[in-house]
Structure formats: structure tokens, C-alpha cells
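# Inside the fold
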Amino acid sequence: MTDIRNNWTHDEVKEIYNLPLLDLVNRASNIHRNYHDSSKMNMNTLISVRTGACSQDCKYCAQSARYETHVKPEKLSLEQVIEDAKVAKANGVKRVCLSSAGRDGNRDDRFNEMAEMITEVKKLGLEVCCTMGMINKEKAKKLADLGITAVNHNLDTSERHYPTITTTRTYAERLETLVNLQEAGINYCSGGILGMGEDDEDRIEMLRTLSNQAKHPYNVPLNALVPVEGTPFYGKDVVDIFEMVRAVATARILMPKAVVAFAAGRTHYSKEGQALCFMAGANSIFFGNKLLTVGNVEINEDQALLETLGMQSTRYHELTTLEG
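The paragraphs below set out a description of the structure included in this document. (Residues numbered from 1 in each chain as written. Predicted model: local features only at pLDDT ≥ 70, side-chain atom pairs only at ≥ 80, totals over all residues. Heavy atoms only, no water.)

## Description of helix α1 (residues 10–17)
For α1, the set of buried residues is Val13, Ile16 and Tyr17. Across the axial projection of α1, the buried residues extend over an arc of 95 degrees, all falling on one side. Looking at α1, the residues exposed on the side facing more than 90 degrees away from the buried face are Asp11 and Glu15. The secondary structure elements touched by the buried residues of α1 are α2 (21–35), α7 (200–211) and α8 (241–254). (Buried < 20%, exposed > 50% of the residue type's maximum accessible area, 1.4 Å probe, protein only. Helix = DSSP H or I, 4+ residues; strand = E, 2+ residues; numbered from the N terminus. Arc of directions from axis to C-beta. Contact = heavy atoms within 4.5 Å.)

Set out below in C-alpha cells:
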């Protein structure tokens, strides 16, 4: 077994990231098989509880109120969330993840709304995850007391590149939320987006930052930017599949026990490209014809691909936004 480390240097991660691609994939694949069942794929689907009208200016996000996009503000009622959770449970789902789009999860009204949803969904016998922006120590402890399974809070990119992505919060605030979750004993999910104008050094540093947390993320979602019309990043080139493979493989090597999710943007790539990401250590994907506000791979396509590869799906159900 590979030692679990939390003290990687930038040069060490850079050396791994820049290995010849097939050597990198082979190394990551071997580590993946030591810690995970390579025949299993975690399947997740996304339903947005609170969509749009976000005050932040994240340049990749169609949910920002600052941009003219196709997204219309929408909020699900408690009754709708419970009904969706019941349907999910009837379909064999074991976990529901709730989300509220926006910057600050510490607002009492937003937090209390989320706490009520968590409580009611847990009464159905389901595990519950959430994503709700920044979380302070007090609210992290309350989430832990509610029995939350995990909380999502993405770093998005490197600290150096972050100011080119958004100006409405800082990278230090991102990291503070991760620390608060860890200190409260909560499993957390955190990853990033490729294709936002960053270079390899930024990707290396983002992965190093995640892998040097006191506790590695439970889940590392890696997204390919989907340039949405109306956002400042519309028109950007789609990140090359081999760059996605490098990021996935490096994440797998640095964080052997984590679930690595090949999240948004899979529609950009061929089945062969996706399979290479799976070989490199990605063991979670999102299914359904829509992923938040953008198109996604149809479930029947995913099932056919997994069957071709000799893999089996483990299904979870996430009522969530990919928090921005």
C-alpha cells in the first residue's frame, strides 16, 4: 500500500504530474486498485434545490445574477425535496445531497432552511450530504450534530489563479471552510475546474493544496469547464482529454483513499477518453441528461459504457448544485 501523505512539495507533485502519460496512468491505476474496487463506479445525479440568483461573480457560473444566461431563479420547497427523496429511496438510492446556491451558508435563514431539510430527509432513512457556500466553525458543528454525511466546498483552482475567477470571496475563505469542516469531524468534498485559463502550475498547486489538508477530501470532483453563453468564460476552448487524465491520475496518486469524480464536462469527450480517466483512477461520475444548468451524459449511455468496460454502478442521488 502507498503511504498516505499530507506534506507534498510543489516539485514532488510537478514531477508526478509531468510523468510520461502512460507511465502516469499505470502508476495511478495500480494505486487505485490497491484502495478501491476497480470494477465499481459511484453514480451520482444532481437536482438543484436552489438555482440561480447568486450574488457572486464566479466567471464560470451560469447561476450568477450578474450575467445574462438561460438560468432562471428557482427554489424547491421542503415538500418537493421530501418527495424527490422518497422517489430516490424507492429507486434504491441510499444518499441524498442538498444544496443552496450562494456565497454564505452562515446566514441563519439559509442555514435553518437547510437544517430542516436535512432533518426531514434523514427521517426517511437516507444519508444526507449538502453544499451551501462558506461555513464557519459554529455552523460546521451544527451540521455535524445533525449527522451530515459530507459537505461539498470546491477550491476551483490555485490560490494564484483564483482572483481571475472571482472577486466576491477569497481563497483564504475557501480554505477556512475546509478547516472548519475537518475540525468538526465532517467528511468533505473538494476539487476544481479545468479550462479556466489556468496553466499546469495552477493545476499542480490546486492538487497539492488538497492533498496537504490535515485530512484528505472524501471526494475530489474534477470538472471540465462547460463554457455557458452569457458568462465571461463563454467561448473558451474545452480542455484536452489528456489534460483531464493527468489531473485525475495525479489526484489518485496524491489522495489514494479519496473518491475521484469525473464531474461536469464529460459530454466533451469520447467513450474512449472517459474510459482512460476511469483507468487513471476516476471512480465517480454524474448521470442524468442535465448537470445543474448544462447538458450531461444520458444514464443509458453511461450504463452501456460501464457494461462494455465490465464495471458495475453504485448509485447515490444528489439534490445539489456544484457549489461555486
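## Here's the deal with the pattern of salt bridges
What the rule picks out here adds up to 18 salt bridges. A salt bridge links glutamate 183 to lysine 137, with the shortest nitrogen-to-oxygen separation between them at 2.5 Å. Taken together, the positions of glutamate 183 in helix α6 (residues 171–183) and lysine 137 in helix α5 (residues 137–145) put the pair 46 residues apart, joining distant regions of the chain. Just as glutamate 183 is exposed, lysine 137 falls in that class too. Residue arginine 160 pairs with aspartate 202 through a salt bridge whose shortest N-O separation is 3.0 Å. With a gap of 42 residues between them, arginine 160 in the loop between β6 (150–152) and α6 and aspartate 202 in helix α7 connect regions that are remote in the sequence. Given a relative accessible area of 55%, arginine 160 falls into the exposed group. (Salt bridge = Lys/Arg side-chain N within 4 Å of Asp/Glu carboxyl O.)

## A word on α7
Here α7 spans 16 Å end to end across 12 residues, near enough to the 16 Å set by a 1.5 Å rise per residue. For α7, the set of buried residues is Asp202, Arg203, Ile204, Met206, Leu207, Thr209, Leu210 and Ser211. Structurally, α7 contributes buried residues whose contacts are with α1, α6, β7 (187–189), β8 (192–194), β9 (219–224) and α8. If you check the start of α7, you find a side-chain oxygen 3.0 Å away from the backbone N of glutamate 201, and it comes from aspartate 199. (Expected span 1.5 Å × (residues − 1). Polar contact = N/O pair within 3.5 Å; in protein donor to acceptor, adjacent residues only side chain to side chain.)

## Some remarks on the environment of leucine 143
One can find leucine 143 in helix α5. Residue classification places leucine 143 among the buried positions, given a relative accessible area of 0%. Taking the C-alpha atoms as reference points, leucine 143 and isoleucine 186, separated by 43 residues in sequence, lie 8.2 Å from one another.

## Side note on the pairing of strand β10 (residues 259–262)
Side chains Val259 and Ala261 project from β10 onto one buried face, and the interleaved Val260 and Phe262 project onto a second face that is buried too. As paired strands, β9 and β10 are joined by four bridges and run parallel to one another. Bridging from a neighbouring strand, valine 220 pairs with valine 260 of β10. Note on the crossover from β9 through α8 to β10: the handedness is right-handed. (Pairing = 2+ DSSP bridges. Right-handed = clockwise from strand over helix to strand, strands pointing away.)

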